[in-house]
Amino acid sequence: MALSPIGAFARQHDPDRFLCALFAPPPAREAIFALVALNHELARAREAATNPMAALIRLQWWRDAIEEARAGRPPRRHEVAAPLHAAITAGALDPEALLAMVDAREAEAQESIATEPDFVAWLRGTAGGWSAAAGLALGADAALAEALRGLGAAYGLAGVLRSVAADRKSTRLNSSH
């Protein structure tokens, strides 16, 4: 199967969600690939930035790109922004769901997530937000999208736990040299 550039991007940067996208009906697949790619770009905003303010500026850039697509303005020149714009203008992705994903990533610009309720909100907005947005793109109603948000948050928690274990192992390996 020949992949579009956004499909190849999704496969490279988020193989798990890419594989999930392959199960989407073919007409929805490109929008889901764009959603996977947006999620990757949002997730890396803090790591790619030199400070919290720069991370917030990166997130604002994505917020603006989504708003511009919703307003019917031309797409931004970016390998993810252009296919995302196409999916939004075609009505395949819900701009409000995407903006909520951007908003949820603002917590990552802080030094830490301070409380358990903040952590749960972050999980529900990030990994959960992706799952809800994907569900909406695939025809889920609002109630089902909220159920998917909870399942996505659980997936996100599993990812956090997986990374903690990997970080600990890496720290032990590095300290032994």
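An account of the accompanying structure is given in this report. (Residues numbered from 1 in each chain as written. Predicted model: local features only at pLDDT ≥ 70, side-chain atom pairs only at ≥ 80, totals over all residues. Heavy atoms only, no water.)

### Points about the packing of helix α5 (residues 52–70) against helix α7 (residues 95–105)
Rules: To obtain an axis, a line is fitted to C-alpha atoms, over the contacting stretch when the element is a helix, and the angle between two such axes runs from 0 to 180 degrees between their N-to-C directions. Secondary structure is summarised from DSSP: a helix means a run of H or I of at least four residues, a strand means a run of E of at least two, and numbering begins at the N terminus for each. An angle below 35 degrees is read as roughly parallel, one above 145 as roughly antiparallel, one from 65 to 115 as roughly perpendicular, and any other as oblique. Contacts are assigned to residue pairs with any non-hydrogen atoms lying within 4.5 Å of each other. Classification used: nonpolar for Ala, Val, Leu, Ile, Met, Phe, Trp, Tyr, Cys and Pro, charged for Asp, Glu, Lys and Arg, polar for all others including Gly.
It is the contact of α5 with α7, at a shortest axis distance of 10 Å, that shows an interaxial angle of 170 degrees. When the axis of α5 is compared with that of α7, the two are roughly antiparallel. Facing α5, whose interface residues are Leu59, Trp62, Arg63, Ile66, Glu67 and Arg70, α7 presents Pro95, Glu96, Leu98, Leu99, Val102, Asp103 and Arg105. When its residues are assigned to classes, the contact of α5 with α7 shows seven nonpolar, no polar and six charged.

### Thoughts on the environment of Leu3
Note the following rule: The rule is simple: take the accessible area with a 1.4 Å probe, protein chains only, and divide by the maximum for that residue type; under 20% is buried, over 50% is exposed, in between is partly exposed.
In this fold, Leu3 is placed in the segment before α1 (5–13). Owing to a relative accessible area of 23%, Leu3 belongs among the partly exposed residues under this scheme. Between the C-alpha atom of Leu3 and that of Glu30, which follows or precedes it by 27 residues, the distance is 9.6 Å. Leu3 has contacts with Ala8, Arg11, Phe18 and Phe33, leaving out every residue within four places of it along the chain.

### What to know about the nonpolar core
Note the cut-off: Within this scheme, the nonpolar core is defined by two criteria: the residues are buried Ala, Val, Leu, Ile, Met, Phe, Trp, Tyr or Cys, and they are joined through side-chain atoms within 4.5 Å.
Judged by nonpolar contacts, the single largest core of 35 residues is most densely connected at Leu35, Trp62, Ile66, Leu84, Leu93 and Leu98. For this core, the elements supplying multiple residues, two or more each, are α1, α2 (15–21), α3 (26–43), α5, α6 (81–89), α7 and α9 (127–137). When sequence neighbours within four positions are dropped, the list of residues in contact with Leu84 reads Ala34, Leu38, Trp62, Ile66, Leu93 and Leu98.

### Considering the environment of Pro27
Positionally, Pro27 belongs in helix α3. The exposed category is assigned to Pro27, whose relative accessible area is 78%. Between the C-alpha atoms of Pro27 and Val160, which are 133 residues apart in sequence, the distance is 32 Å.

### Regarding the pattern of salt bridges
Rule in force here: What makes a salt bridge here is a side-chain nitrogen of Lys or Arg within 4 Å of a carboxyl oxygen of Asp or Glu, nothing more.
Counted according to the given criterion, the structure contains twelve salt bridges. With a closest N to O distance of 4.0 Å, Asp64 and Arg76 form a salt bridge. Within this pair, whereas Asp64 is found in helix α5, its partner Arg76 is found in the loop between α5 and α6, the two being separated by twelve residues in sequence. Residue class for Asp64 comes out partly exposed when judged on its relative accessible area of 29%. By relative accessible area, Arg76 is classed as buried at 18%. Put simply, Glu68 and Arg76 hold a salt bridge, and the shortest N to O gap is 2.8 Å. Classification of Glu68 as buried rests on a relative accessible area of 13%. Linked through salt bridges whose partners overlap, the residues forming this network are Asp64, Glu68, Arg73 and Arg76.

### Topic: α5
Helical geometry: 3.6 residues make up each α-helical turn, so side chains three or four residues apart lie on a common side. For clarity, the threshold we go by: One less than the number of residues in a helix, times 1.5 Å, gives the span that helix is expected to have. Pairing of N or O atoms within 3.5 Å defines a polar contact, subject to two protein rules: one partner must be a possible hydrogen donor and the other a possible acceptor, and residues neighboring in sequence count only if both atoms are side-chain atoms.
Over its 19 residues, α5 runs 27 Å from end to end, which matches the ideal 27 Å to within 8%, given 1.5 Å per residue. For α5, the complete set of buried residues consists of Ala55, Leu59, Trp62, Arg63, Ala65, Ile66, Glu68 and Ala69. At its buried positions, α5 is contacted by α3, α4 (45–48), α6 and α7. Its side-chain oxygen at 3.0 Å from the backbone nitrogen of Met53, Asn51 defines the N-terminal cap of α5. Following α5 by one or two positions, Gly72 adopts a phi angle in the positive range, close to 80 degrees.

### Structural notes on the packing of aromatic side chains
Which entries qualify depends on this criterion: Any two rings among Phe, Tyr and Trp, with Trp reduced to its six-membered ring, count as a pair given centres within 6.5 Å; such a pair is stacked if its planes are under 30 degrees apart, edge-to-face if over 60, and tilted if neither. Ring-over charges, as used throughout, are those where CZ of Arg or NZ of Lys falls within 6 Å of the ring centre and within 35 degrees of the ring normal.
For the coordinates displayed, the defined rule picks out three aromatic pairs. Note on Phe18 and Phe33: the rings are 5.4 Å apart at their centroids and 20 degrees apart in plane angle, and the pair reads as stacked. Of this pair, Phe18 sits in helix α2 while Phe33 sits in helix α3, placing them 15 residues apart in sequence. With a relative accessible area of 6%, Phe18 lands in the buried category. Assessed through its relative accessible area of 1%, Phe33 is described here as buried. It is Arg17 that lies over the ring of Trp130; its NZ or CZ is 5.0 Å from the centre. Above the face of the Trp61 ring, Arg76 is positioned so that its terminal group lies 4.6 Å from the ring centre.

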